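Here is how the chains run, residue by residue.
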Amino acid sequence: MNDQRSAAAEPAAAAVAVPEAVTALDGAGTGPDARGASTPAGGTWAVRRAALAPIALVVAGGLSVQFGSAVAALLMPKAGALGVVTLRLVAAALILLAVCRPKVRGHSRADWGTVLAFGVAMGGMNTLFYLALDRIPLGIAVTLEVLGPLALSVFASRRLINVLWAGLALVGVVLLGGGGFDRLDPVGAAYALGAGAMWAAYIVFSARTGRRFPQADGLALAMVVAAVLSLPLGVIESGAKLTVPSTVALGAAVAVLSSVLPYTLELMALRRLPAPTFAVMMSLEPAIAAGAGFLILDQALSTTDALAIALVIGASIGAVRSRAGRTRHEA
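What you see is a predicted model, and the numbers here were worked out from it, not measured in a lab. (Residues numbered from 1 in each chain as written. Predicted model: local features only at pLDDT ≥ 70, side-chain atom pairs only at ≥ 80, totals over all residues. Heavy atoms only, no water.)

What about the overall build of the protein?
The condition is simple: Strands here are runs of E lasting at least two residues and helices are runs of H or I lasting at least four, both read from the DSSP assignment and numbered beginning at the N terminus. Contact criterion: two residues are considered in contact whenever any of their non-hydrogen atoms come within 4.5 Å of each other. To be clear on the numbers: accessible area is Shrake-Rupley with a 1.4 Å probe, and residue cover counts the displayed protein chains and nothing else.
Secondary structure assignment for the protein yields 13 helices and 0 strands. Reading the helices (α) and strands (β) of the protein from amino to carboxyl end gives α-α-α-α-α-α-α-α-α-α-α-α-α. Counted over contacts in the protein with a minimum sequence separation of 6, partners at least 24 positions apart contribute 89%. For the protein, the accessible area works out to roughly 14,700 Å², and carbon and sulfur atoms hold 67% of it.

As structure tokens, then:
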């Protein structure tokens, strides 16, 4: 992820530098001096707040996307899995284009290659996940899907502590399956695992896109790529069902909850959060999905599910504390 930034990516780089500069200034005014004076509480709180801000963005994005997925599960009988994907991505692309109005000129070939890869990863992740959701329960689908980000955190991290937190989260992920993975539809399980691989790619290319494009311009352009790829599949499967007003309205709601809000929040978070830490935090997704399934789809939680949720939350809190502690040390 240390690719060269083009001139068009400088606004994004400046956006990253601003919070870091503020943190550095806070530390310069209140940090230890040559005689070893301690940092006042105000400066420490400013550093903690700067470190936890991207964490809050990731959690908010997770809540939005999983409750949006629960709504999508209710919509599938009307429009089919591929139809829901199409409605979600097309509506999200139109909304982002209207809000962001991204510039299409002045970008390098490498910039467009990054956006294309980001769009393919996004489209593949959504398509495979909804195909899985059509065959297996929401909580287990997300449990299998999150193995992709967990694998990314293990292979990309350079710190042993991140590997340990990822291992703890993996135990929770396995437990969240409730020992029933062998009874799952194998095709649905394969779709979920494939979605996990695309999710890992999404994390990598989302971070690169955020560095190359200002604001959410890159996300808007990538969403167009994903929508164009999904449109033929949705039309073939669902046809005229995609034009029913009530279906279109629900599809737009899913787009806002599952695409526009979470992807924007995650893109902002990845500008200030290392990909390995972000990937470990994705272990929260099965817990959030289980909650959404319980509240919206009447999927009850067992004692094993509760233990698994505690493990993945504990792993995520550990990763957050590790990141916050390192940020305070560096400041």
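On we go.
Considering the nonpolar core
For soluble globular proteins, nonpolar side chains are generally found buried alongside one another. Note the cut-off: Side-chain atoms within 4.5 Å link the members of a nonpolar core, which is a set of buried Ala, Val, Leu, Ile, Met, Phe, Trp, Tyr and Cys residues. Buried residues are those whose accessible area, probed at 1.4 Å on protein chains only, stays under 20% of the maximum for their type, while exposed residues exceed 50% and partly exposed ones sit between those limits.
Within the largest apolar cluster, 83 residues are counted, with the highest numbers of intra-cluster contacts made by M122, F129, Y130, L138, Y202, L219 and M223. Each residue touching Y130, except ones within four places of it in the same chain, is listed here: S69, A72, M76, A81, V84, V85, R88, V254 and S258.

So, the confidence of the model for the protein
To keep it simple, the criterion reads: Confidence scores per residue from the predictor, reported as pLDDT, run from 0 to 100.
On average, residues of the protein score 76 in pLDDT, and 78% of them are at 70 or above. Confidence scores differ between elements of the protein, with helix α1 (residues 10-30) showing the lowest mean pLDDT of 30 and helix α4 (residues 109-133) the highest of 93. Every residue in residues 1-40 is under pLDDT 50, and counting partners more than four places away or in other chains gives 47 contacts.

A closer look at the pattern of salt bridges
In plain terms, the rule: We define a salt bridge as a side-chain nitrogen of Lys or Arg found within 4 Å of a carboxyl oxygen belonging to Asp or Glu.
What the rule picks out here adds up to 2 salt bridges. One salt bridge connects R212 with D111, and the closest N-O pair in it is separated by 2.6 Å. Of this pair, R212 sits in helix α8 (residues 186-212) while D111 sits in helix α4, and the two are 101 residues apart along the sequence. Across the pair D185 and R135 runs a salt bridge, and its minimum N-O distance is 3.1 Å. You can see D185 sitting in the loop between α7 (160-176) and α8 and its partner R135 sitting in the loop between α4 and α5 (138-145), a full 50 residues away along the chain. For D185, a relative accessible area of 26% corresponds to the partly exposed category.

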